[in-house]
Amino acid sequence: MGSTDTVIVEIDNLQRSLLSDPTSNPAGAGDDEEEVIYAASFAGMEENFVKYHTAQWVLYSLLLVLAWGIGLLMLLYLPVRRYVLRKEIRSRRLFVTNNSIVYQVVRPVPFPCFGVLKKEKHVLLPSVADVVIEQGYLQSLFGVYSVRIENVGVRRPPSDDVQIQGVADPAAFRKAVLTRLANIRTEAFARQISSAEDISNLRTPHQQGSWLSPSKSSRQEYMPPTGELIFLQKLEEVGNSVKRVQTLIEERYSQTSESAV
């Protein structure tokens with residue numbers, strides 16, 4: 001590793017002159033209408049990120065030199081590779097909004113004279129299952145972490161998830177994402193409860209009359225119609241007339257019996 005560090009330091013000094021213009025503003029970074037809850041930083045990890053990828057590139061180059069000799073071309077390309085890495089990590093933007101995780105990067109093509117590649121990735125927070133922080137053996141030597149965003153639903157290989165290297169404080173980023181995700185689920189649960197209460201309140205006035213005045217409802221329920229009332233009145237009148245006829249007959253019978261005596 002001593003020779004590798006020497007090569008890294010020498011190439012690093014050569015790259016200082018190429019990176020004299022540190023202006024790198026990714027398109028759309030400040031045009032997002034959503035409120036930014038948390039913005040991750042890559043500034044403190046630039047040197048470690050470049051050294052990690054440089055060491056990885058040198059190891060691959062040495063292996064290919066021993067195999068086919070192509071590694072010599074890779075070693076010659078190393079200064080350009082480091083320049084591309086620095087421009088890439090300086091252009092990265094990673095932030096959490098109310099509804100999504102946004103990742104933006106402007107990456108130079110392998111030969112920077114041919115332009116840049118712009119990438120913008122949006123991950124909706126309700127579709128996030130977890131934020132995984134990973135660190136391999138070579139990454140641990142340079143203090144570089146990888147952040148992987150797992151999606152909810154169908155199981156997919158880890159290569160399909162969004163992976164970002166070089167985040168300065170991955171634990172704080174993970175905490176911000178999971179906190180916002182918990183708030184979203186709490187708000188959704190509260191909306192479900194309020195909608196259920198609204199539905200029950202709409203049903204209450206229709207049932208309130210029967211709860212408050214059961215006697216009135218029973219009277220209305222068992223009150224006979226008008227035709228039956230008239231028929232009952234007629235029956236009462238007939239009964240009264242029959243009683244009168246009976247009393248008249250009894251009086252007449254008593255008079256006849258007295259006259260016969």
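Refer to the structure above for everything that follows.
Here's a quick rundown of the structure. As a convention, each chain's residues are numbered from 1 in the sequence order in which they are written. Two thresholds apply to this predicted model, a pLDDT of at least 70 for residue-level local features and 80 or more for giving and counting side-chain atom pairs, whereas whole-chain, interface and lining totals are computed over all residues. Water and hydrogen atoms play no part in the side-chain values, which are based on all heavy atoms of the structure.

1. Section: helix α2 (residues 46-67)
Working step 1: Note on conventions: DSSP H or I runs of at least 4 residues are helices, E runs of at least 2 residues are strands, and numbering of each starts at the N terminus. Expected span of a helix: the number of residues minus one, times 1.5 Å. Between its first and last C-alpha, α2 extends 32 Å over 22 residues, near the 32 Å set by a 1.5 Å rise per residue.
Working step 2: Per-residue accessibility, obtained with a 1.4 Å probe over protein chains only, is compared with the maximum for each type, and a residue is labelled buried under 20%, exposed over 50%, and partly exposed between these values. Those residues of α2 that sit buried are Glu-46, Phe-49, Val-50, Tyr-52, His-53, Thr-54, Ala-55, Trp-57, Val-58 and Ser-61.
Working step 3: Where α2 terminates, the next one or two residues include Gly-69, which has phi positive at roughly 90 degrees.

2. A short note on the sheet that holds strand β6 (residues 146-151)
Working step 1: Only strands that DSSP links by at least two bridges are regarded as paired with each other. Spatially, β5-β6-β7 is the arrangement adopted by the 3 strands of the open sheet, whose pairing is antiparallel. With partners counted over all chains shown, the strands left at the sheet margins are β5 (128-134) and β7 (162-165), one partner each. Direction aside, neighbouring strands of the sheet carry axes that sit 15 degrees apart on average.
Working step 2: In this structure, β5 lies alongside β6, joined through 6 bridges in antiparallel fashion. Bridging from a neighbouring strand, Val-132 pairs with Arg-148 of β6. Think of each axis as a best-fit line through the C-alpha atoms, taken over the contacting stretch in the case of a helix, with angles from 0 to 180 degrees between the N-to-C directions.

3. Digging into the packing of α2 against helix α3 (residues 71-91)
Working step 1: Between α2 and α3, whose axes approach to 10 Å, the crossing angle comes to 160 degrees. Compared by their axis directions, α2 and α3 come out roughly antiparallel. Taken as a pair, α2 and α3 cross one another with a handedness that is right-handed. Listed contacts from α3 to Glu-46, Glu-47, Phe-49, Val-50, His-53, Thr-54, Trp-57, Val-58, Tyr-60, Ser-61, Leu-64 and Val-65 of α2 are Gly-71, Leu-72, Met-74, Leu-75, Tyr-77, Leu-78, Arg-81, Arg-82, Leu-85, Arg-86, Ile-89 and Arg-90.
Working step 2: Residues belonging to the contact of α2 with α3 are distributed by class as follows: 14 nonpolar, 4 polar and 6 charged. Any angle that falls under 35 degrees is termed roughly parallel, while one over 145 is termed roughly antiparallel, one within 65 to 115 roughly perpendicular, and all others oblique. Definitions for this section: a left-handed crossing has its near helix turned counterclockwise from the far helix by less than a right angle. A right-handed crossing has that turn clockwise. Residue contacts are counted whenever heavy atoms from the two residues lie within 4.5 Å of one another. Following the grouping adopted for this structure description, the nonpolar residues are Ala, Val, Leu, Ile, Met, Phe, Trp, Tyr, Cys and Pro, the charged ones are Asp, Glu, Lys and Arg, and the polar ones are all others, Gly among them.

4. What to know about the packing of aromatic side chains
Working step 1: Any two rings among Phe, Tyr and Trp, with Trp reduced to its six-membered ring, count as a pair given centres within 6.5 Å; such a pair is stacked if its planes are under 30 degrees apart, edge-to-face if over 60, and tilted if neither. Across all of its chains, the model carries 4 aromatic pairs by this definition.
Working step 2: Judged by centre distance (5.9 Å) and plane angle (65 degrees), the ring pair of Tyr-77 and Phe-111 falls under edge-to-face. Pair noted here: Tyr-77 is in helix α3 and Phe-111 is in the loop between β3 (100-108) and β4 (116-124), with a separation of 34 residues, a long-range link.
Working step 3: Taken together, the ring pairs connect Trp-57, Tyr-77 and Phe-111 into an aromatic cluster.

5. Structural notes on the environment of Asn-99
Working step 1: Tracing the chain through its elements places Asn-99 in the loop between β2 (93-97) and β3.
Working step 2: In this structure the C-alpha to C-alpha distance between Asn-99 and His-122, which are 23 residues apart in sequence, comes to 9.7 Å.
Working step 3: Setting aside anything within four residues of it in sequence, one finds Asn-99 in contact with Glu-34, Val-123, Leu-124, Leu-125 and Pro-126.

6. Concerning the pattern of salt bridges
Close approach of charged atoms allows side chains of opposite charge to pair.
Working step 1: In the sections that follow, a salt bridge refers to a side-chain nitrogen of Lys or Arg positioned within 4 Å of a carboxyl oxygen of Asp or Glu. A full pass over the atoms with the stated rule returns 10 salt bridges.
Working step 2: We note a salt bridge from Arg-92 to Glu-88, for which the minimum N-O separation is 2.8 Å. By the burial criterion, Arg-92 is buried, and Glu-88 matches it.
Working step 3: Beyond isolated ion pairs, a larger network of salt bridges with shared partners links Glu-46, Glu-47, Arg-86 and Arg-90.

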